[in-house]
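Next come the chains, spelled out residue by residue.
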Amino acid sequence: MATETLNTPATEPPPSTVTITGEPNPPENTVAVSHPSPDTKPPTDDEHGEKRKRTESETETDEQTEKNGSVHPLWKTSLCSYFRRTGESCSHGDTCRYAHGEAELRIRPDNTWDPTSEKAKKMKVETEDGDVVTEEGCDDNVVDKCFLNVPMKWTSDKLKEFLNDQGVEYKSAKTRKGMVVGFVSFETVEQVKAATEKLQGKPIGNKNLKIVDASPRSFERKVKPSLESDNKGEDEGLVNDDSTPGHSVSKGRSARDAVTPLAHMSYADQLEHKKKNIMQILKKLARNGRKACPDGVAQPDWIVKSREIGGLACKLEGIIESPLVNGYRNKCEFSVGYSLQGKPTVGFLLGNFREGVTAVEEPSDCPNVSKISCKYAEIFQNFLQSSTFPIWNRMTNTGFWRQLTVREGRRQVSIPEVDLGESNIAEVLLMVQISSAGFDDEAINVELEKMAEAFVVGASTNSPPLPLTVLVVQDHQGVSNVAPADAPLRSLPLVKSEVVAEARIQDYINNLRFCISPTAFFQVNTLAAEKLYALAGDWACLGPNTLLFDVCCGTGTIGLTLANRVGMVVGIEMNASAVADANRNAEINGISNCRFVCSKAEDVMGSILKEYLTKEPDANKEETSSPEDKSPDAEDSKMHHFDNVVAIVDPPRVGLHPTVIKALRTHSGLKRLVYISCNPESLMANAIELCAPSADKSEKGNNQNRGWRNMSSASLARQRAKSMPVSDPFQPIKAMAVDLFPHTPHCELVMLLER
């Protein structure tokens, strides 16, 4: 097969090769012609500013193209760079592959014009109704401009004041803190021209203002529809410009890939993968612990001995596997949005919103989600197809329907009955998150009644019927779907004549019954949580004369499951509904040696430690909690001296607050600490502060803290450790991973710290 490939000079970027033929699938005489991208400017001579001379091979290419009678699809679709600079034709004349004027310019294959052309700049047209729309094929960023060399101290209001003083008409203006740029949006091309004429090169301070095109953020770029429509269904290729980020999702990416990225691996390989990651965290802890040692202070034993165990801060005992690998989640939060095809969908985002991804896909292929949760997502999705209320738009922060949360409660079963799987699910709580701002209350009530009926009918007609215990509506006005603890909740009756049920379901851990409210924390993998709590109790060395602090206790699961092994449990939790659940759980299980305090741990940890670790508490001391936070035996327990004081902490992903860490470390009566973490990185940072040796004198007001915003969590922890009051540090003794999240990269890490 005779193929001729045309070469280009080394100064040009790699060209794209296009095959030009005179007949379909010719066996011979095929000529491969190379054309650069239309957006690539040809190299120019820096001294004279003229276009480079075309090579003989390129001239032959164009002549061959003319002989074959076919035109390259990108021919004359971009303006010549020399023409844009000078307004005159370049030395190539008619043979130049770029256009020398608007008359020569051709539309591109994707139905757009060269964004630098006048045709592309005619962006706005008025419809008969007076609405402003974007003309097909125009680039939006011609009316969004970036102002360079703006004084760094200018605020957005100062920029607006400057534009108003100069008589510039604009739509919006803003600056970025700590940057010398401003972003100004205009409504018409005429406003852009007027602003450019007035402000381009205008002196501001010791610099001249420069106006350039602003590149749109990734999630603001619209996806152009494909020109190929052959053999395509009616729905294929549809995009929703408000919330569909087709360009941001890699080809073939699914909800399964986004939510369970390890699902393609065998479970044994997943465990090995997680074990290796945990070992890297322990090595990182040892390295940073060594760096955190103050000058002139000997390295602690755990750092010295780390060299003997492969650089680990402590020995990794292994990883405990989950009893249930598929469908293990008892809580799923499904986003409401649009699929890549523009269909209203209830499921999971295909990526991070900060990367511009807003497309949602159904959860049916995610192995960690139960079939019951998937079915309720499908029922809600079918209801949304006919709902007159809009879906929440993440770009404009407007809409009504936001999220569906499904919580499942299992029957009391023993471990051998795990194989029964979803047949053990006895109760289901549904929580639908809405944003009611701007909607009529009466219309909302009617729509919510329709939704409740849809859930009831869908659950009852399914085979087998689905359990449905509670239906709750959460009203949240914020930008993110993460609602505050005090967001309004409203229970809906499942039957019109029925009294609204209490918004709680029940689940079992270690044969104890737990009430769970809609927003309370409860481990998502119940069966694996039993193994986690048993491990924490074994490592804590509990006994009848033990005082156990359960920090970040949630609904009290850790403290209550270990209450029969200790003398007293004190739980601390900031979520009021979770504390109410914890007190209720203690009551229904007949446990009287537990007290739960509703407050942030950083606010009360110090005073509570003093309260219980002091042998003779001050009788006149003001109480740190309300009467309802205390059990009947709380007063007597204060007067009892506990020989063994242990804390078990299970903080959120961000880790413990620095104030809590300081309180735990500086109270010498606390000898043992069991740290349970769902984010090993935050455990590593907290362990640095807990385990780094103290300096002879703490370094208060360390100047190195000025750049803390740019520090890693480990670096910041090392700086905090230097200002820690003189106290005995903990030492990491051992660690164990517990896999609560099969098919995902995450797992729980348990570490025992002693001193």
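Residues numbered from 1 in each chain as written. Predicted model: local features only at pLDDT ≥ 70, side-chain atom pairs only at ≥ 80, totals over all residues. Heavy atoms only, no water.

K.L.:
So what's going on with the overall build of the chain? Residues and values would help.
P.N.:
Check the secondary structure of the chain and you find 18 helices and 28 strands. Of the contacts formed within the chain by residues at least 6 apart in sequence, a portion of 68% connects residues at least 24 apart. About 37,500 Å² of surface is accessible on the chain, with carbon and sulfur atoms providing 48% of the total. (Helix = DSSP H or I, 4+ residues; strand = E, 2+ residues; numbered from the N terminus. Contact = heavy atoms within 4.5 Å. Areas by Shrake-Rupley, 256 points an atom, 1.4 Å probe, with all protein chains shown as cover.)

K.L.:
Could you give an account of the pattern of salt bridges, with specific residues and numbers?
P.N.:
According to the stated counting rule, one finds 14 salt bridges in the structure shown. The partner of R256 in a salt bridge is D365, and the shortest N-O contact between them spans 3.8 Å. Of this pair, R256 sits in helix α6 (residues 255-259) while D365 sits in the loop between β15 (360-361) and α9 (371-386), and the two are 109 residues apart along the sequence. With relative accessibility at 27%, the residue R256 sits in the partly exposed group. Given a relative accessible area of 43%, D365 falls into the partly exposed group. With a closest N to O distance of 3.7 Å, E378 and K375 form a salt bridge. On the criterion of helical spacing, the pair formed by E378 and K375 is a turn pair, its members being 3 residues apart in helix α9. Taken together, the salt bridges that share partners define one network made up of E502, R504, D581 and R584. (Salt bridge = Lys/Arg side-chain N within 4 Å of Asp/Glu carboxyl O. Buried < 20%, exposed > 50% of the residue type's maximum accessible area, 1.4 Å probe, protein only.)

K.L.:
So what's going on with unusual backbone geometry? Residues and values would help.
P.N.:
Most peptide bonds take the trans form, and the phi angle of most residues other than glycine is negative. Residue P464 is bonded to the preceding S463 through a cis peptide linkage, with omega at -5°. For P464, the location among the structural elements is in the loop between α10 (441-461) and β18 (470-475). Of note, the phi angle at K76 is positive, near 60°, even though the residue is not glycine. Within the secondary structure, K76 is located in the loop between α1 (56-68) and α2 (81-86). Located in the positive-phi region is N149, a residue other than glycine, with phi close to 70°. Its place among the elements puts N149 in the loop between β6 (144-148) and α4 (156-165). Take N149: its relative accessible area is 26%, and that puts it in the partly exposed class.

K.L.:
Give a description of the sheet that holds strand β14 (residues 344-349) that names residues and reports values.
P.N.:
Strands sit in the order β15-β14-β13-β16-β17-β18-β19 across an open sheet of 7 strands; the sheet is mixed. Whereas interior strands pair on both sides, the edge strands pair on one side only; in this sheet they are β15 and β19 (489-492). Sheet analysis places β18 next to β19, joined by 4 bridges and oriented antiparallel. The partner of Q474 across the bridge, within β19, is L489. Strands in contact with α10 are β16 (401-410), β17 (425-434), β18 and β19; relative to β18, the strand with the most contacts, it is inclined by about 145°. (Pairing = 2+ DSSP bridges. Axes fitted to C-alpha atoms, helices over the stretch in contact; angles between N-to-C directions.)

K.L.:
How would you explain the side chain of T744 if you had to name every residue and give the values?
P.N.:
Mapping T744 onto the fold places it in the loop between β27 (731-738) and β28 (748-754). Discounting residues that sit within four places of it in the chain, T744 has contacts with V259, T260, P261, L262, K274, Y328 and N368.

K.L.:
Talk me through the UniProt feature "binding site: S-adenosyl-L-methionine" (unreviewed entry) in the chain; I want residue IDs and the actual numbers.
P.N.:
The feature "binding site: S-adenosyl-L-methionine" (unreviewed entry), as annotated in UniProt, sits at Q523, E573 and D650 in this numbering. Following the sequence through the fold, E573 ends up in strand β23 (residues 568-573). A relative accessible area of 12% means that E573 is categorised as buried. Excluding residues within four positions of it along the chain, E573 makes contact with C552, C553, G554, A578, V579, V597, C598 and S599. Only 3.1 Å separates the side chain of E573 from the backbone nitrogen of N575, close enough to count as a polar contact. (UniProt positions renumbered as here; feature names shortened; annotations may be inferred. Polar contact = N/O pair within 3.5 Å; in protein donor to acceptor, adjacent residues only side chain to side chain.)

K.L.:
Give me the packing of aromatic side chains: which residues, what numbers.
P.N.:
The full count for this structure, using the stated rule, is 12 aromatic pairs. Ring geometry for W154 against F162: centres 5.3 Å apart, planes inclined by 50°, an arrangement best described as tilted. Each member of the pair, W154 together with F162, is buried. Summarising the aromatic geometry, the rings of F383 and W401 are spaced 5.7 Å apart at their centres and angled 85° between planes, so their arrangement reads as edge-to-face. Here the residue F383 occupies a position in helix α9, and W401 occupies one in strand β16, the gap between them amounting to 18 residues. Of the aromatic side chains, those joined through ring pairs into one cluster are Y376, F380, F383, F389, F400, W401, F439 and F455. (Phe/Tyr/Trp six-rings, centres within 6.5 Å; stacked < 30°, edge-to-face > 60°.)

K.L.:
Break down the environment of S89 for me, citing the residues and quoting the values.
P.N.:
Position of S89 relative to the elements: it lies in the loop between α2 and α3 (118-121). Judged by relative accessible area, S89 falls into the partly exposed class, the value being 45%. Sequence-wise, S89 and A99 are 10 residues apart; in three dimensions their C-alpha atoms are separated by 8.9 Å.

K.L.:
Please provide a residue-by-residue account of the nonpolar core, values included.
P.N.:
Within soluble globular proteins, side chains that are nonpolar tend to cluster in buried spots. Counting residues in each nonpolar core, the largest one holds 57 residues, and the members touching the most others are F549 and L664. Looking at which element gives the most residues to this core, the answer is helix α17 (residues 680-691), with 7 residues. Within the second largest apolar cluster, 48 residues are counted, among which are A582, F596, I648 and V738. (Core = buried A, V, L, I, M, F, W, Y, C linked by side-chain atoms within 4.5 Å.)

K.L.:
So, the packing of α9 against α10: which residues are in play, and what are the values?
P.N.:
One can describe the packing of α9 onto α10 by two numbers: an axis separation of 10 Å at closest approach and a directional angle of 135°. Overall, the two elements α9 and α10 adopt an arrangement that is oblique. Seen along the crossing, α9 lies across α10 with a hand that is right-handed. Between α9 and α10, the residues in contact are Y376, I379, F380 and F383 and E447, K450, M451, A454, F455, G458 and A459, respectively. (Parallel < 35°, antiparallel > 145°, perpendicular 65-115°, else oblique. Left-handed = near helix turned anticlockwise from the far one by under 90°.)

K.L.:
Please set out α10 residue by residue, giving values where relevant.
P.N.:
For α10, with 21 residues, the first-to-last C-alpha span of 30 Å sits near the 30 Å given by 1.5 Å per residue. For α10, the set of buried residues is I444, E447, L448, M451, A452, F455, G458 and A459. One side of α10 carries all its buried residues, which in axial view fall inside an arc of 145°. With respect to the buried face of α10, the exposed residues turned more than 90 degrees away are E442, E453 and T461. (Expected span 1.5 Å × (residues − 1). Arc of directions from axis to C-beta.)

K.L.:
Pulling in residues and values, what's your account of the confidence of the model for the chain?
P.N.:
Summary statistics for the chain give a mean pLDDT of 79 and a share of 75% for residues scoring 70 or more. Residue range residues 123-141 is modelled with pLDDT below 50. Its contacts to residues more than four positions away, or to other chains, number 37 contacts. (pLDDT = per-residue confidence, 0-100.)

K.L.:
Which residues make up the sheet that holds β27, and what are the values?
P.N.:
The pairing of strands in a sheet happens through backbone hydrogen bonds and is either parallel or antiparallel. Overall, mixed pairing links the 8 strands, which are arranged β12-β27-β28-β26-β25-β22-β23-β24 in an open sheet. Looking at strand neighbours, the two that pair on one side only are β12 (315-320) and β24 (594-598), the edges of this open sheet. Put simply, the sheet's adjacent strands are angled 15° from each other on average, direction ignored. Bridging between strand β26 (residues 672-677) and β28 involves 6 bridges; their strand directions are antiparallel. Within β28, the position partnered with V674 by the bridge is L752.

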